[in-house]
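So you can see what is in the structure, the chains are spelled out below.
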Amino acid sequence: MDRQRKKGHDPVSEQRRPIRRALVSVYDKAGLEELARALAGAGVEIVSTGSTAARIEAAGAPVTRVEELTGFPECLDGRVKTLHPRVHAGLLADLRLPAHVAQLAELGIEPFDLLVSNLYPFRETVASGASVDECVEQIDIGGPAMVRAAAKNYASVAVVTTPLAYPAILEALGAGGFTLEQRQRLAARAFADIAEYDVAVAEWTAATLAPAEGGWPEFAGHALRRSTVLRYGENPHQPAALYGDPDAPAGLAQAEQLHGKEMSYNNYVDADAAWRSAHDFTEPCVAIIKHANPCGIAVGADVAEAHRKAHACDPVSAFGGVIATNVPVSVAMAEQLADIFTEVIVAPAYEAEALEVLTRKKNLRILRAPEWSPAPVEFRQVSGGVLVQAPDRIDAAGDDPSTWRLVSGEAADSATMADLVFAWRAVRSVKSNAILLAADRASVGVGMGQVNRVDSCRLAVSRAGERAAGSVAASDAFFPFADGPQILIDAGVRAIVQPGGSVRDEETVAAAKAAGVTMYLTGTRHFYH
Ligand SMILES: NC(=O)c1ncn([C@@H]2O[C@H](COP(=O)(O)O)[C@@H](O)[C@H]2O)c1NC=O
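The structure reproduced in this document is the subject of the present report. Everything quoted here is computed from the prediction, not taken from an experiment.

Our focus in this paragraph is helix H20 (residues 483-490). Taken together, the buried positions of H20 are Gly 484, Pro 485, Ile 487, Leu 488 and Ile 489. Directly after H20, the chain includes Gly 492, whose backbone phi takes a positive value near 100°.

Right under this line is the structure:
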């Protein structure tokens, strides 16, 4: 007996409940006719609302209209249909309790064994740009009430909230009903569905009907759906999973993995940084990321050239890197990758032959991500709360070089200006005291992750080596002292772009002037921590 129970074969623990009576009230009518016919064929009594009942009838299945059950007409344009004790007592009676069974009998109420319901398309209506009144009308009331009731009462009722689960109903009909475990899973799914629905309603009402301070509504919700359990988190002792956010534009979490080992937590972090980085450019761009920082980023006439240039920046660090591009991967680029150990590549598409070449690398994870679409807001957890901000974008006034202020040296010629513009965009992907040296629209030395800007300058210069001479530099934020820029100048950097705004700007500008180095101030900063 015990052994049987462990294996899950114990018929008592299965606790199947036969389906004799079903309540069906769905907005999405997909698969409804087939379902209704199957239920009727299995001898299930179907009770249903307005247009759902009409469709079931048209499909040739017998149906009891909900008004017949309640003795009350559907009214107020459908605002009240199923909100009635005869419906809710039938969904909420716990049939394990003799008192509930007796009370139902006294009241002449038949219990339901199955609820099939899906809700008015509130989110879709909002997305369509409908008026406030139209959106309000699409806030389903009776549906969530029934779903909650049936989900709470999973001991006695099975609840199905999506046509995708209709095949499971047909299976259950054949098996003599849903098992307790199945009803529990359906209940959990149902509660998640109505929670997601309510988050959408609460966010919309907070944004539309209540005053927002500084553009921030009083409520922000998240209804996350687990998409993958990961092997572990940042370190092997940290359990981890990936959740998708149905409210956010599709991104890396929805990327399709075409090949390779399972994605890890750190792979996702780096691939996300790479994906963001590559999309700061409209030309073919390749970003190679290690530990969320670029160890090479470049644009080129084509993706293969961009990759060659990005890789040349720091081939040592690019070992085991994560690569993203903003354009399809070509055969030429795939072939270049053949001898470079790479953890992940993420791209919007792959030429068929390029994919063939890449899949020869057994361990390379190949991702095809949905079209780039930045989230409208960013969240960052802090202890006890969450910081929310609009994402940093390359579209601030100071990102337009025509607004830059020349404060030292000669105005840049077009090639130098192209490199400065490249460096200014690329430095946005570098974390903490970001200094990026560039030549020919490719990074040649990157300084990052330092707690002072001088060390970042030293790091960028030492990584660039001989390539520092004649390169241009970008700094994500102002130089607080002249010591950092002096390191760049001494290494032969010939033009610098930085936000400016330090109380000691004059000293920095004087150092550039003394060396005849071109310096532009953008007035905009791009911290990225
Ligand atoms: N008000 C009610 O009593 C009520 N009961 C069920 N509904 C919804 O009405 C829809 C189905 O209606 P019909 O069968 O008329 O197409 C379902 O999406 C269901 O969630 C209701 N509608 C909205 O709240």
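A few words now on the site of the ligand. Taken together, 23 residues surround the ligand, and among them Thr 49, Ser 51, Thr 52, Arg 79 and Thr 82 come closest. Within the side chain of Thr 52, an N or O atom sits 2.4 Å from an oxygen atom of the ligand. In the complex, 95% of the free accessible area of the ligand, which totals 530 Å², lies under the protein chains. Looking at the shell around the ligand, the elements that each hand over two or more residues are strand S1 (21-26), helix H4 (50-58), strand S4 (114-118) and helix H10 (142-152).

Turning our eyes to something else, we now look at the packing of aromatic side chains. Overall, the coordinates contain 7 aromatic pairs when judged by the stated rule. For the ring pair Trp 404 and Tyr 520, a centre distance of 5.9 Å and an interplane angle of 55° mean the geometry is tilted. Of this pair, Trp 404 sits in the loop between strand S15 (385-389) and strand S16 (405-408) while Tyr 520 sits in strand S21 (residues 518-521), placing them 116 residues apart in sequence. A single burial state applies to Trp 404 and to Tyr 520, both of which are buried. Through successive ring pairs, a cluster of aromatic residues spans Phe 122, Tyr 197 and Trp 204. The ring of Tyr 528 has Arg 276 lying over it, and the distance from NZ or CZ to the ring centre is 3.8 Å.

All right, on to the sheet that holds strand S3 (residues 64-65) then. On the basis of which strands lie adjacent, the open sheet formed by 5 strands has the order S3-S2-S1-S4-S5 and parallel pairing. The sheet terminates laterally at S3 and strand S5 (158-160), the two strands that pair on one side only. Of the pairings in the sheet, the one linking S1 to S4 comprises 5 bridges and is parallel in character. For Ala 22, the partnering residue across the bridge sits in S4 and is Leu 114. Sitting on the sheet, H10 is in contact with S1, S4 and S5, with an inclination near 145° to S4.

Interhelical geometry of H20 versus helix H21 (residues 505-515) gives an angle of 15° and a closest axis separation of 9 Å. Here H21 runs roughly parallel to H20, going by the angle between their axes. By crossing handedness, the relation of H20 to H21 is classed as right-handed. For the pair H20 and H21, contact is made by Pro 485, Gln 486 and Ile 489 and by Thr 508, Ala 511, Ala 512 and Ala 515, respectively. Its residues placed into classes, the contact of H20 with H21 shows 5 nonpolar, 2 polar and no charged.

Together, Trp 216, Phe 379, Val 386 and Val 388 give the surface a local cluster of nonpolar side chains, amounting to about 340 Å² of exposed area. Tracing the backbone shows Val 386 in strand S15.

Cut-offs used in this document
- Residues numbered from 1 in each chain as written.
- Predicted model: local features only at pLDDT ≥ 70, side-chain atom pairs only at ≥ 80, totals over all residues.
- Heavy atoms only, no water.
- Buried < 20%, exposed > 50% of the residue type's maximum accessible area, 1.4 Å probe, protein only.
- Helix = DSSP H or I, 4+ residues; strand = E, 2+ residues; numbered from the N terminus.
- Near = heavy atom within 4 Å.
- Polar contact = N/O pair within 3.5 Å; in protein donor to acceptor, adjacent residues only side chain to side chain.
- Areas by Shrake-Rupley, 256 points an atom, 1.4 Å probe, with all protein chains shown as cover.
- Phe/Tyr/Trp six-rings, centres within 6.5 Å; stacked < 30°, edge-to-face > 60°.
- Lys NZ or Arg CZ within 6 Å of the ring centre and 35° of its normal.
- Pairing = 2+ DSSP bridges.
- Contact = heavy atoms within 4.5 Å.
- Axes fitted to C-alpha atoms, helices over the stretch in contact; angles between N-to-C directions.
- Parallel < 35°, antiparallel > 145°, perpendicular 65-115°, else oblique.
- Left-handed = near helix turned anticlockwise from the far one by under 90°.
- Nonpolar A, V, L, I, M, F, W, Y, C, P; charged D, E, K, R; others polar.
- Patch = residues over 30% accessible without salt bridge, like charges linked within 9 Å, V, L, I, M, F, W, Y side chains within 5 Å.
- Salt bridge = Lys/Arg side-chain N within 4 Å of Asp/Glu carboxyl O.

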